[in-house]
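Geometric and topological summary
Residues per chain, in single letters:
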Amino acid sequence: MDKTYYDLLIIGAGPAGMTAAVYTARKGLRTLVVSKDIGGQVNWTTLVENYMGFEKIEGPELMRRFKEQMQSDHLFFIEDEVIGLRRDGENFILTGKTTREYWGKTVIVATGKRPRMLEIPGEEEFRGKGVSYCSTCDAPLFRDASVVVVGGGNSGVQAVLNLLAINAREVYLITDFQLTADQVLIDRIKDEDKVKLYPDHLVTEILGETMVTGVKIKSRETGEEQKISVEGIFIQIGLEPNSEFINELKKNERGEIVIDCHCRTNVPGVFAAGDVTHIPEKQIIVASGEGAKAALKAWEYLVNSRLASDEQKK
Amino acid sequence: MAEVTVYTTPTCPWCNRLKDFLQEEGIAYNEVNVAEDPEGAKRMVKLTSQRSVPVTIIGEQIVIGYNPEGIKELLG
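Rules used in this analysis
Residues numbered from 1 in each chain as written. Chains lettered and ligands numbered in written order. Predicted model: local features only at pLDDT ≥ 70, side-chain atom pairs only at ≥ 80, totals over all residues. Heavy atoms only, no water. Helix = DSSP H or I, 4+ residues; strand = E, 2+ residues; numbered from the N terminus. Buried < 20%, exposed > 50% of the residue type's maximum accessible area, 1.4 Å probe, protein only. Contact = heavy atoms within 4.5 Å. Lys, Arg positive; Asp, Glu negative; His and termini not counted. Charge placed at Lys NZ, Arg CZ, Asp CG, Glu CD. pLDDT = per-residue confidence, 0-100. Pairing = 2+ DSSP bridges. Axes fitted to C-alpha atoms, helices over the stretch in contact; angles between N-to-C directions.

**Here we look at the overall build of chain A**
Across its full length, chain A carries 6 helices and 19 strands. Along the three orthogonal principal directions, the C-alpha set of chain A runs to about 75 × 40 × 35 Å. Split into buried and exposed, the 314 residues of chain A put 50% on the buried side. Within chain A, counting contacts between residues at least 6 apart in sequence, those at least 24 apart form 60% of the total. Of the side chains in chain A, 39 bear a positive and 47 a negative charge, and the two mean positions are spaced by 5 Å.

**Things to note about the confidence of the model for chain B**
Considering every residue of chain B, the mean pLDDT works out to 93; 100% of them sit at 70 or more. Scored as a whole, the predicted complex attains pTM 0.79, and scored at its interfaces, ipTM 0.92.

**Side note on the environment of A:L302**
Residues and elements named next belong to chain A. Summarising the element assignment, L302 is placed in helix α6 (residues 284-313). A residue is classified by how much of its surface remains accessible, and L302, at 4% relative accessible area, is buried. Residues L302 and T175 lie 127 residues apart in sequence; the distance between their C-alpha atoms is 48 Å. Ignoring sequence-local partners within four residues, the contact set of L302 consists of D7, L29, K105 and T106.

**Digging into the side chain of A:T136**
Within the element layout of this structure, A:T136 appears in helix α3 (residues 135-138). The exposure class of A:T136 is buried, given its relative accessible area of 15%.

**Quick notes on the sheet that holds strand β4 (residues 61-64) of chain B**
Residue and element names in this part refer to chain B. A sheet is described by the order of its strands in space; here 4 strands give the open sequence β2-β1-β3-β4, paired in mixed fashion. Each having just a single partner strand, β2 (30-33) and β4 make up the two edges of the open sheet. Averaged over all adjacent pairs, the angle separating strand axes in this sheet is 20 degrees, with direction ignored. Judged from the 4 bridges that link them, strand β3 (residues 55-58) and β4 form a sheet pairing that is antiparallel. Within β4, the residue paired with I58 across the bridge is Q61.

What follows is the structure, given as structure tokens:
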């Protein structure tokens, strides 16, 4: 097996991973980025209006520009999904889904988050057959259809707006508590006749034969259940961290990797940055900043390890 | 060679990635943008029982999602 050693392995190529890569390559570190995609969650974002330097930019376009900036003789990219991390003496070894292994002296985990599932009957079975997690992708397939949206945060309300924009027949917005979206978004849907709000309700089952035909919902207050006939359900109930492939790292109750203010994890030589960490602000600009911090600390760690090792040899 | 038709929306990252793959491999394809083409959207749902893009139809075979290996296999 090819045993190329790198100074630094970066897992993930979203804003945090790509920023870290640019920083470490500029320091002259031989850096390998291993990621299943480029751009991560930002690829699923339509308009970004709060990344400095760009008044308005589409998420995928911003990520294309990040990728363009990742050009360096010290920087390598491999498309693979990392499923394991272990230590071998002074090195760390990543295992990919492709069964390939990657060797490096330090690691930055920047794997971001993925959409959370409801984990109810019917969800897996009807995925792609009416169950969707991406309203910007799939809303146009629900023209004239009745649709449920689950989740009262910004992405839930945005999904309702996307469905209204393509002329869905009716949109049922189901939230387990009250709406928590920004008021500016709530104002855009509150007077819409087509939108039916169901606060304090849970979706308990997705029904269908070959495709979705309805959902079962339950009132949290009375426990009363009812069926709603719909052709689709958009699940927008937040995100969960891509962190389960690493057991050695300390995580919080949400599975986010716990770091200190220098992006250090509890394992020396392993750093983490961006949405996979417990840093509360999940923003592109914050993730980028954290990626830069992690990169500089990884560089410092390598410099100190080399000094320590030279010292020992004397 | 069987005709390749890809159903897409412009805001779907996996659709764009799939189109990049087809172009890199030199595979000729027709694109149906279901955001602009309501009839195309209906046709896609009817033919494939899918309500999620991308979907690729190769001859009479259907490949769901971004699946380069599946496409390569069908095209031999």
